[in-house]
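Architecture and fold: a report
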Amino acid sequence: MGIKSNSSVEVYYNFFASSGYDAAKPPPLPTGFQGDRGLYNGGSTGGGSAGVNWIEYFNIPTTGNSTDFGDLTVARYSPGTCSDANRGVVAGGYNSGDKDEIDYYTIATPGNATTFGEFSAGRTSLAGCSSKTRGVFFGGLNNNTGTRYNVIEYITIQTLANPTDFGDLTVGVSHNSASGNGTRGINAGGYSGSYENVINYITIATTGNATDFGDLTTSLGWIGACGNDTRATWGSGESPNVDIIQYVTVDTTGDASDFGDLTNGVRWGSAGLSGNA
């Protein structure tokens, strides 16, 4: 991301300086900073049937193939994920039935995942976001009952336990996607029986029901998300398959704006997270 200044004078700080002007009162690192290691969790090898338990990682600043990290406790696809930059959490998913298992691992140390806790009922195709303290999960589908949840639940990432009720979305959805800046979490799109364009937001540190933020440019499910401290972006999705990229400014409210296009229209993006290596 480029550097933009609103004045003719720009000041740069060296975060690694131990003395001198460069070390004097540097601004804090962005709250959404998540590190240089990326990880992918689970998935399906084809046909939407057999899930896998693979965890793979790669170094975001360099190019190259991914490396085996370890295994999830159960094979699954379409889980929700979150991290605090040190611990990664993988929740729910599907593999011959909805999964209630929540796993965790230390991002800097390759190895198998360990049980964190569990949902009260299995769910798949849910969304997650996080702060440096909390992980939050939005919605999801229980295939046994056909329920698309409006529930929001949270965990304290460094404390092993089952999730706790946070509040409710304005509509029950699955195949939704979430982003945020560490302070505010934003959930968008999904499928409720029809495709949704609704964008909801929460303040991660304060439990309560989600509030309407605005609308996506079109109604979408199976949508992918990412963001930084300023913007949340969504790309791809089904309604049918689209190549749209759109964004919002996280700390405001309003409808999403067009960002650009993907090279191809796609759906069913993988669940990923990042953290310090």
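Quick look at the structure, then. (Residues numbered from 1 in each chain as written. Predicted model: local features only at pLDDT ≥ 70, side-chain atom pairs only at ≥ 80, totals over all residues. Heavy atoms only, no water.)

This brings us to the overall build of the protein chain. In terms of helices and strands, the protein chain carries zero helices and 22 strands. Out of the 277 residues in the protein chain, the part that is buried amounts to 44%. A total accessible area of about 13300 Å² is found for the protein chain, and carbon and sulfur atoms account for 47% of it. (Helix = DSSP H or I, 4+ residues; strand = E, 2+ residues; numbered from the N terminus. Buried < 20%, exposed > 50% of the residue type's maximum accessible area, 1.4 Å probe, protein only. Areas by Shrake-Rupley, 256 points an atom, 1.4 Å probe, with all protein chains shown as cover.)

A word on the sheet that holds strand β15 (residues 184-188). Taken in spatial order, the four strands make up an open sheet running β14-β15-β16-β17, and their pairing is antiparallel. If you trace the sheet from one side to the other, it starts and ends with β14 (177-180) and β17 (211-220), each paired once. Averaged over all neighbouring strand pairs, the angle between strand axes comes to 25°, with direction disregarded. By the bridge criterion, four bridges tie β14 to β15 in an arrangement that is antiparallel. (Pairing = 2+ DSSP bridges. Axes fitted to C-alpha atoms, helices over the stretch in contact; angles between N-to-C directions.)

Our next topic: the sheet that holds strand β6 (residues 101-106). Spatially, β4-β5-β6-β7 is the arrangement adopted by the four strands of the open sheet, whose pairing is antiparallel. The sheet is open, and its two edges are formed by β4 (80-83) and β7 (114-118), each paired on a single side. The sheet shows a mean angle of 25° between the axes of neighbouring strands, direction not considered. In this sheet, strand β5 (residues 87-91) lies alongside β4 in antiparallel orientation, the contact comprising four bridges. The residue bridging Cys 82 from the neighbouring strand is Val 89, located in β5.

Under the criterion given, the structure shown has twelve aromatic pairs. Aromatic side chains Tyr 154 and Phe 166 sit 5.9 Å apart centroid to centroid with 80° between the ring planes, which places their arrangement in the edge-to-face category. Remark: Phe 166 occurs in strand β13 (residues 164-168) and Tyr 154 occurs in strand β12 (residues 151-156); sequence separation between them is twelve residues. According to the relative accessible area criterion, Tyr 154 is buried, its value standing at 14%. Judged by relative accessible area, which is 3%, Phe 166 ranks as buried. Look at Tyr 191 and Trp 222: their rings are 6.1 Å apart centre to centre, the planes differ by 45°, and that puts the pair in the tilted class. Residue Tyr 191 is located in the loop between β15 and β16 (196-203), and its partner Trp 222 is located in the loop between β17 and β18 (224-227); the two are separated by 31 residues in the primary sequence. Cluster of aromatic residues (ring-pair linked, three or more members): Tyr 57, Phe 69 and Tyr 105. Of note, Arg 184 hangs over the ring of Tyr 201, and the distance from its end group to the ring centre comes to 4.0 Å. The ring centre of Tyr 247 lies 3.9 Å from the NZ or CZ of Arg 231, which sits over that ring. (Phe/Tyr/Trp six-rings, centres within 6.5 Å; stacked < 30°, edge-to-face > 60°. Lys NZ or Arg CZ within 6 Å of the ring centre and 35° of its normal.)

So, on to the nonpolar core. Among the nonpolar cores identified, the biggest contains 15 residues, and Ile 186, Ile 199, Phe 213, Leu 216, Trp 234 and Val 248 are the most heavily contacted of them. Looking at this core, the elements with two or more residues in it are β15, β16, β17, β19 (231-235) and β20 (242-249). If sequence neighbours within four positions are ignored, Phe 213 has contacts with Arg 184, Ile 186, Ile 199, Asn 200, Tyr 201, Val 248, Thr 249, Val 250, Thr 252, Thr 253 and Gly 254. Counting 13 residues, the second largest nonpolar core, distinct from the first, contains Val 136, Phe 166, Leu 169 and Ala 210. (Core = buried A, V, L, I, M, F, W, Y, C linked by side-chain atoms within 4.5 Å. Contact = heavy atoms within 4.5 Å.)

As a further point, take the pattern of salt bridges. Counted by the stated rule, this structure contains two salt bridges. Here Asp 103 ties to Arg 76 by a salt bridge, and the two come within 2.9 Å at their closest N and O atoms. Taken together, the positions of Asp 103 in strand β6 and Arg 76 in strand β3 (residues 67-76) put the pair 27 residues apart, joining distant regions of the chain. One salt bridge in this structure joins Glu 153 and Arg 123, with 3.1 Å as the shortest N-O distance. Here Glu 153 is found in strand β12, whereas its partner Arg 123 is found in the loop between β7 and β8 (127-130), with 30 residues between them in sequence. Assessed through its relative accessible area of 9%, Glu 153 is described here as buried. (Salt bridge = Lys/Arg side-chain N within 4 Å of Asp/Glu carboxyl O.)

A word on the side chain of Asp 103. On the basis of relative accessibility, which here comes to 0%, the residue Asp 103 falls in the buried class. A distance of 2.7 Å separates a polar atom in the side chain of Asp 103 from a polar atom in the side chain of Thr 73. At a separation of 2.9 Å, a polar atom in the side chain of Asp 103 contacts the side chain of Arg 76. In contact with Asp 103, not counting residues within four places along its chain, are Leu 72, Thr 73, Val 74, Arg 76, Gly 88, Val 89, Val 90, Ala 113, Thr 114, Thr 115 and Phe 116. (Polar contact = N/O pair within 3.5 Å; in protein donor to acceptor, adjacent residues only side chain to side chain.)

Of the two faces of β8, the one carrying Ala 127 and Cys 129 and the one carrying Gly 128 and Ser 130 are both buried. Counted along the chain from β8 to the antiparallel partner strand β9 (residues 134-138), the turn is three residues long.

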